[in-house]
Amino acid sequence: MFSISRLILSESTRPFHPPIKKSQVRFITNVSAMSKRSRHLPNPYDLTHEPSEVLQTDLQYVREELLPNVEERITQTLKPGEAEAEGELYVGAAGIAYAFYHTSQVAPAPRALRYQQLAQNYLQSAMQAVNRRGKHLNSGFLCGDAGVIAVAAAISATTGDSCQANSLGKLYADLAEICKSPGFLQAGSDEFFVGRAGYLYGAIWLNKTFGREVVPLGVIHQLGETVVLSGQKYSVKFKSPCPLMYSYYGTEYLGAAHGLSSILQVLIQIPNFLDANEEFDRLVHDSVDFLLSLESRSGNYPCALDETGPEARREEDELVHWCHGAPGVVYLLAAAHRRYQDPRYLQACLRAGDLIWQRGLLRKGPGICHGVAGNGYVFLLLHRLTNDPLHLRRAAKFARFLGTNDFKRHARTPDTPFSLYEGLAGTLCFLVDLECPESAAFPFQDPFL
């Protein structure tokens, strides 16, 4: 089992901003226009007259051929000792560990033990990096120490090491002190990758995973209040058309990566938070409606506020990614539908699904952040929302496409090809979730949590 030294937070703990890596540049600056070549590959599937039993054939192919192949490619090409800690959950070793942890939760008992061991092994380098930082930890979730610690706590609990699981849970809870100050980061204090929204989702996830308050609900509500007031203050200061608005390095992102949609989703999902404050509920609800008003004719959403109106991208240049566009915004819309029972949000989800079916087989690779598996996850979400088998059939086709020669010839190899968000570890999660669609969820984005 990985070891953890005694890590202590002090008042001198420094605010943290992760170094900008090549794999993150696309989220920090406006994405430049690609070549005239389409961003996606043509969808070769027509389900109109396809017999319903073909779904079982597709799922069998995923289970017996594709899933074992993806698992083998990860474990045989990138050994646990070779996985780099840098990149944390997003593109580091901790993300691969999470993928095998997630797989262990749905696999039969004999295989589950093997996946648990793989999760422990891949986590080693990430936990060693956390240990080396000592008291200078940060509260970043996807790109930071908090996410590594949360996953380590869950893995420890799964393997029966309750003492270490509790210690890690307490350490995660202690990290809340870092992000209580409204402007604790130079940029992105409220966003999902390094800011409060990510920490809050991690807290909600840990509490659900452990079945108790690892992070006290009062602390979660306090941080949620800070997020709301921060967004309201920014909106007033810069005369934003949205009641709550946030920026990351000067850009008012709208999508799931660094943007408004993931922040609003987290606020909606904090237990009892909006129920206790009508004004906060109104601000969040009105902000969701503002974002819905930006839906394009194709069912997509702009990357940032400066790409609306006359500055909107041409339809062929729109991004159909989890990080930017409808495949990420859809999780906010699903959470809003569940809370407010407004059919407009569900209809927007369905329109997003139709867009993704047409333009979601991305050239960027197999990953979940901006790849085929991430877009396939939207169909699993829609299946949970509607119980319509059409969406499960679509999800299975996106999985099947990953094994085609067309994809292998024309898709790009990501910078981090085995990682959770860019590479095959995220693909593994998607393929595994096809086996249990009733509980399937994009990693750390589950509106049913």
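Engineer: I'm lost on the overall build of the protein chain in this one. Help?
Structural biologist: Looking only at helices and strands, the protein chain has 17 helices and zero strands in total. A globule of 449 residues ought to have a C-alpha radius of gyration of about 22 Å, and the protein chain, at 21 Å, matches this closely. Based on the C-alpha atoms only, the size of the protein chain along its principal axes is roughly 65 × 55 × 40 Å. Seen as two clouds, the 43 positive and the 46 negative side-chain charges of the protein chain have centres 4 Å apart.

Engineer: Even after reading the chapter, I still don't get the packing of aromatic side chains, so can you show me in this structure?
Structural biologist: Any aromatic ring pair is given by two values, namely how distant the centres are and how the planes are angled relative to each other. Tallied over the entire structure, the rule returns 26 aromatic pairs. With a centroid separation of 4.5 Å and 35° between ring planes, the pair formed by Y234 and F238 is classed as tilted. On the basis of relative accessibility, which here comes to 17%, the residue Y234 falls in the buried class. Of the residues examined, F238 reaches a relative accessible area of 47% and is grouped as partly exposed. Within the aromatic cluster, the residues linked to one another by ring pairs are Y90, F193, W322, Y331, Y377, Y421, F430 and F442. One residue, R384, lies across the ring of F448, its end atom 4.0 Å from the ring centre. It is R400 that lies over the ring of Y61; its NZ or CZ is 4.4 Å from the centre.

Engineer: It is not clear to me how the environment of Y201 should be interpreted in this structure. Could you clarify?
Structural biologist: On the secondary structure map, Y201 appears in helix α8 (residues 196-210). As for Y201 and S293, which are separated by 92 residues in sequence, their C-alpha atoms are 26 Å apart. Leave out the neighbours within four places in its chain, and Y201 touches F192, V266, F444, Q445, D446 and L449.

Engineer: Mind showing me how you'd approach helix α4 (residues 93-106) here?
Structural biologist: Structural remark: α-helix, 3.6 residues per turn; residues separated by three or four positions point the same way. Helix length check: α4, at 14 residues, gives a terminal C-alpha distance of 21 Å against a target of 20 Å (1.5 Å per residue), a fit within 8%. Within α4, twelve of the 14 residues are buried, which leaves it mostly tucked inside the rest of the structure. Looking at the buried residues of α4, the elements they touch are α2 (54-77), α3 (88-91), α5 (109-133), α6 (145-158), α8 and α17 (424-433).

Engineer: I'm lost on α17 in this one. Help?
Structural biologist: Of all the ten residues making up α17, ten are buried; the element is thus mostly covered by neighbouring parts of the structure. When we look at burial in α17, the residues that qualify are L424, A425, G426, T427, L428, C429, F430, L431, V432 and D433. Among the structural elements, α2, α4, α14 (372-386) and α15 (389-401) are those in contact with the buried residues of α17.

Engineer: Which parts of the structure should I look at to understand the packing of α4 against α17?
Structural biologist: Packed helix pairs are characterised by how far apart their axes lie and by the angle those axes make with each other. The contact between α4 and α17 brings their axes to 9 Å, and the two run at 15°. One way to sum up the angle between α4 and α17 is to call them roughly parallel. Along this stretch, α4 crosses α17, giving a crossing that reads as left-handed. Between α4 and α17, the residues in contact are G95, I96, Y98, A99, F100, H102, T103 and V106 and A425, L428, C429, V432 and D433, respectively.

Engineer: Mind showing me how you'd approach the pattern of salt bridges here?
Structural biologist: Side chains that differ in charge, positive against negative, can pair when their charged atoms come close. Counting across every chain of the model gives 23 salt bridges. Between K180 and E177 there is a salt bridge whose closest N-O contact spans 2.8 Å. Its relative accessible area of 53% is what places E177 among the exposed residues. Note that E279 is salt-bridged to R282, the shortest N-O span being 2.6 Å.

Thresholds applied
Residues numbered from 1 in each chain as written. Predicted model: local features only at pLDDT ≥ 70, side-chain atom pairs only at ≥ 80, totals over all residues. Heavy atoms only, no water. Helix = DSSP H or I, 4+ residues; strand = E, 2+ residues; numbered from the N terminus. Rg over C-alpha atoms; globule rule 2.2 N^0.38 Å. Lys, Arg positive; Asp, Glu negative; His and termini not counted. Charge placed at Lys NZ, Arg CZ, Asp CG, Glu CD. Phe/Tyr/Trp six-rings, centres within 6.5 Å; stacked < 30°, edge-to-face > 60°. Buried < 20%, exposed > 50% of the residue type's maximum accessible area, 1.4 Å probe, protein only. Lys NZ or Arg CZ within 6 Å of the ring centre and 35° of its normal. Contact = heavy atoms within 4.5 Å. Expected span 1.5 Å × (residues − 1). Axes fitted to C-alpha atoms, helices over the stretch in contact; angles between N-to-C directions. Parallel < 35°, antiparallel > 145°, perpendicular 65-115°, else oblique. Left-handed = near helix turned anticlockwise from the far one by under 90°. Salt bridge = Lys/Arg side-chain N within 4 Å of Asp/Glu carboxyl O.

Any functional reading would require information beyond the geometric quantities listed.
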